[in-house]
Amino acid sequence: MSNSPQMAEGPIVSFRGVSKTYPNGTVALTDATFDIRRGSIHAICGENGAGKSTLMKILFGLESPSAGQVLIDGAAVDTATPDFAGKHGIGMVHQHFSLVPILTVTENIILGHEPRRAIFIDRNKAHRQVVELTQRFDLAVDPDARTDTLSVAAQQKVEILKALSRDTRLLILDEPTAVLSPPEIEELFNRLRDLCAAGMTILFISHKLHEVRALAETVTVLRAGKVVGTTPLAEVDDTTITRMVMGRDVDVPRRQRQRTDAPVVLELDNVSTRARDPADRIEDISLSIRADEIVGIAGVDGSGQRGLVGVLSGLMRPASGSIRLDGTDMTRAGTPGWREAGLAYLPADRHARGGTAALSLADNAIAGTDGDKALQWGPFLRRGAIRRRVQQMIADYAVRAGGTGERLDSLSGGNAQKLIAARELAGSPKLLIADQPTRGVDVAAAALLHGRIDLAARDGAAVLLITADLDELLRLADRVLVLFNGKIVADLANHPGLTPAALGPYMLGLETAA
Ligand SMILES: Nc1ncnc2c1ncn2[C@@H]1O[C@H](COP(=O)(O)OP(=O)(O)OP(=O)(O)O)[C@@H](O)[C@H]1O
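Presented here is an overview of the structure given in this document. (Residues numbered from 1 in each chain as written. Predicted model: local features only at pLDDT ≥ 70, side-chain atom pairs only at ≥ 80, totals over all residues.)

1. Comments concerning the overall build of the protein chain
- Check the secondary structure of the protein chain and you find 18 helices and 24 strands.
- Per-residue burial over the protein chain gives 44% buried out of 514 residues. (Helix = DSSP H or I, 4+ residues; strand = E, 2+ residues; numbered from the N terminus. Buried ≥ 20, exposed ≤ 12 C-beta atoms within 10 Å, placed from the backbone.)

See the structure below:
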């Protein structure tokens, strides 16, 4: 690493002809060439599977390029050397947090590079270092708090502090706003602007164009592993960027509900869970959803959403209250009972709950279809029929995948989500729970999934949409309920005047309208 004044003026990072082919033959990047200006906020955009994460993994030293060079401060570097990122001052905040829940904030931040006195961890020094970090970067968190007691926004601050804790000069953030409410996003952006003003370079991966515009000054667009262009945002309008990302225009309309007098399908009466974890706790929830109705749930992550999904999928039993689906009492039903009664579920955590990473796409796509005679003959699987069904799903949902025998974890995040959605929406569900259905999914795939969710509603499903993406919520939901501390604090009819900003005070528990 060189600090000579001449070097300090050139780009902090240059990619020169970087290509990556994974061992299974997937070409993730081809000849990527662009510079990142020192001290800038640089956005990377592109559809699912465009190669954004692969490029960031190369820069962080987690993958090595098959061809081409990465230059730091103008000098070619070998990203495969041990502790490459630490040595070059590169920090990364992943979309999925990597904190250890039972450790304190300080313990998490110093994990892996603890200050020591002889063979012992120097706890006083660690504490001082973390206090100094929180002050220097103006990111207030209690250094002694156990991480699992913190809100999602506070946990993210800890992730950022951890990434900044080793003389970091370049900070990579992978979709950092996915789990935050509008005021929290605003605060995060202000902190990032401060960091940038203090000389930090920030790389920001996002699918949300308005956020890219609000924060970054330059954007690089990737499409199918190639750099389409790198441009100052001031010189391009949104239509141009969308076209660069997609190769065409997309129009994302608001949903138009067909029937308002359809029968009630789902009814909850005064349902409570007495869970210890606040994310699982709901209190006295009463709600009903009709066929062809999409009820959207807004709320800061951890406000009871998991409890609500739990009692509606048999993963948790209510401590009191009752639940009916299409007139049948489901209060004490388990997961198989809910499945049989017509539940389809798009899980937020698609890796843990949606699919099995190490199984093939075909195995994942048919999971839960036991007894389907078209796919099974007695105890035998009809492999040919399964392959054809899965190929159809891949085509219908525009999943970018090699073949039906590929492992699920070789797909990019957004493509895995589309495959799970294809499976869950294959029948005619009575109740569809869509939990963060498009998190990490690009504009085209989101439009496709929104269309399918709307179609499921028109086909007669009651839909519960839980999402942190308020634009998505307002585009799809007919009614919006806001959860705070496990209770419904607002019940609002959706109309074109309802904005994400208007939902903020309810989400933070400052106002009620139930
Ligand atoms: N470990 C791997 N093995 C094989 N192929 C992979 C692996 N990781 C990623 N790929 C493939 O490389 C391509 C680029 O994936 P990458 O994760 O970089 O995309 P992305 O732009 O980050 O997408 P997303 O927005 O969905 O996260 C995809 O086709 C993906 O299936």
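Still more to cover.
2. Comments concerning the environment of E235
- Looking at the element boundaries, E235 is found in the loop between β12 (226–232) and α9 (238–246).
- Its 8 C-beta neighbours within 10 Å are what place E235 among the exposed residues.
- For E235 and T218, which are 17 residues apart along the polypeptide, the C-alpha to C-alpha distance reads 9.5 Å.

3. Observations regarding the site of the ligand
- Surveying the vicinity of the ligand reveals 19 residues, the closest of which are N48, S53, T54, S412 and G414.
- A per-element tally of the shell around the ligand places helix α2 (residues 52–60) first, with three residues.
- Classifying every residue of the shell around the ligand gives four nonpolar, 13 polar and two charged.
- Shared between two domains, the shell around the ligand holds at least three residues of each, these being domain 1 (5–246) and domain 3 (356–427). (Near = placed C-beta within 6 Å. Nonpolar A, V, L, I, M, F, W, Y, C, P; charged D, E, K, R; others polar. Domains from an automatic or database assignment.)

4. So, the sheet that holds strand β14 (residues 285–290)
- Pairing is antiparallel in the open sheet, where four strands are placed in the order β14-β13-β16-β17. The open sheet has two free edges, formed respectively by β14 and β17 (328–329), since each of these has just one partner strand.
- Sheet analysis places strand β16 (residues 320–325) next to β17, joined by two bridges and oriented antiparallel. Considered in β17, the bridge of R324 is made with D329. (Pairing = 2+ DSSP bridges.)

5. A closer look at the sheet that holds strand β23 (residues 479–484)
- Pairing within the open sheet is mixed, and its six strands lie in the order β18-β21-β22-β15-β23-β24. Both outer strands of the open sheet, β18 (343–346) and β24 (487–493), are each paired with one neighbouring strand and no more. Direction aside, neighbouring strands of the sheet carry axes that sit 20 degrees apart on average.
- Relative to strand β22 (residues 462–466), strand β21 (residues 431–435) runs parallel, the two being bridged by five bridges. Counterpart to I433 in the pairing with β22 is L464. (Axes fitted to C-alpha atoms, helices over the stretch in contact; angles between N-to-C directions.)

6. Some remarks on unusual backbone geometry
- Positive phi is not limited to glycine here, since A224 has a value of about 45 degrees.
- Within the element layout of this structure, A224 appears in the loop between β11 (218–223) and β12.
- Taking the C-beta count within 10 Å as the criterion, A224 has 16 such neighbours and is therefore assigned partly exposed.
- For D292, which is not glycine, the phi dihedral falls at a positive 55 degrees.
- Take D292: it is sitting in the loop between β14 and β15 (293–298).
- In this structure D292 comes out as buried when scored by C-beta crowding, with 23 C-beta atoms within 10 Å.

7. Focus on the pairing of β12
- Two strands pair when backbone bridges link them, and β11 and β12 are joined in this way by six bridges, in the antiparallel orientation. Counterpart to T220 in the pairing with β12 is T230.
- Between β11 and the antiparallel strand that follows it, β12, lie two residues; A224 among them carries a positive phi value of about 45 degrees.

8. Focus on the nonpolar core
- Core analysis: the biggest nonpolar cluster contains 77 residues, and L419, I433, V463, L465 and V482 have the highest contact counts within it.
- Broken down by element, the residue count for this core peaks at six residues, all from helix α16 (residues 443–458).
- Looking at which domains feed residues into this core, each of domain 2 (250–342 + 429–514) and domain 3 (356–427) gives three or more.
- Dropping the residues within four chain positions of it, L465 is found in contact with I294, V295, G296, I297, A434, L473, L476 and A477. (Core = buried A, V, L, I, M, F, W, Y, C linked by C-beta atoms within 7 Å. Contact = placed C-beta atoms within 7 Å.)

9. Some details on the environment of G310
- In this fold, G310 is placed in helix α10 (residues 305–311).
- Taking the C-alpha atoms as reference points, G310 and T273, separated by 37 residues in sequence, lie 9.5 Å from one another.
- In this structure G310 touches T273, D280, L315 and M316, once residues within four positions along its chain are discounted.

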